[in-house]
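Results of the structural survey
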Amino acid sequence: LPIRLAHRIIDLNEIPGLKYMPSIQAVKTIYLQSFVDILKAPRPGASPKAEEEFGRLLDKLYRKHSNVLLQMAQGAHEFRVALAQGMLVPSSLSENKDEGHLDGDDDEEHHPWQFSQ
């Protein structure tokens, strides 16, 4: 479970444009907190009490994650609105490149979308 959450966190960090949307950031926060909660929890199987505590934790996480699909949809909507309002532009069109070239290929960390200035 922690590995699966870690993969989802990485995935959310790599979604161009969407990763900046508040709803997507909220989902990432949920995943990060769940990851930490699982790592802090007593290992199931160590004792009957540990099994019970871990079961309660899983129930809590299940409830906490129940809205993730809706939050992701909200993030997609936020992204569409940001595009429509010109708040996000492809970085190849961004005018904040100091060197005067538009492709951005020699940027150390290239982001295909960024907020317009």
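Values in this document were obtained by computation on a predicted structure and should not be read as measured data.

Before going further, it helps to spend a moment on the overall build of the chain. A tally of helices and strands in the chain yields four helices and two strands. Counted from the first residue to the last, the chain has its helices and strands arranged as α-α-α-α-β-β. In the chain, which comprises 117 residues, the proportion classed as buried is 26%. Residue pairs at least 24 apart in sequence account for 59% of intrachain contacts in the chain once pairs closer than 6 positions are excluded.

Summarising the element assignment, Ser 34 is placed in helix 2 (residues 22–40). A relative accessible area of 0% places Ser 34 in the buried class. Among the polar contacts made by the side chain of Ser 34, one reaches the side chain of His 65 at a distance of 2.6 Å. Discounting chain neighbours no more than four positions away, the residues touching Ser 34 are Leu 5, Leu 61, Lys 64 and His 65.

A few words now on the confidence of the model for the chain. Taken as a whole, the chain shows an average pLDDT of 81; of its residues, 75% reach a score of 70 or greater. Looking across the chain, the model is least confident in strand 2 (residues 113–115), with a mean pLDDT of 56, and most confident in helix 2, with 95.

This part is about the packing of helix 2 against helix 3 (residues 48–64). Running from amino to carboxyl end, helix 2 crosses helix 3 at an angle of 180°, the nearest separation of the two axes being 11 Å. For the element pair helix 2 / helix 3, the angle class is roughly antiparallel. Packed against helix 2, whose contacting residues are Ile 30, Gln 33, Ser 34, Asp 37 and Ile 38, the element helix 3 presents Leu 57, Lys 60, Leu 61 and Lys 64 at the interface. A per-class count over the contact of helix 2 with helix 3 returns four nonpolar, two polar and three charged.

Criteria and thresholds
Residues numbered from 1 in each chain as written. Predicted model: local features only at pLDDT ≥ 70, side-chain atom pairs only at ≥ 80, totals over all residues. Heavy atoms only, no water. Helix = DSSP H or I, 4+ residues; strand = E, 2+ residues; numbered from the N terminus. Buried < 20%, exposed > 50% of the residue type's maximum accessible area, 1.4 Å probe, protein only. Contact = heavy atoms within 4.5 Å. Polar contact = N/O pair within 3.5 Å; in protein donor to acceptor, adjacent residues only side chain to side chain. pLDDT = per-residue confidence, 0-100. Axes fitted to C-alpha atoms, helices over the stretch in contact; angles between N-to-C directions. Parallel < 35°, antiparallel > 145°, perpendicular 65-115°, else oblique. Nonpolar A, V, L, I, M, F, W, Y, C, P; charged D, E, K, R; others polar.

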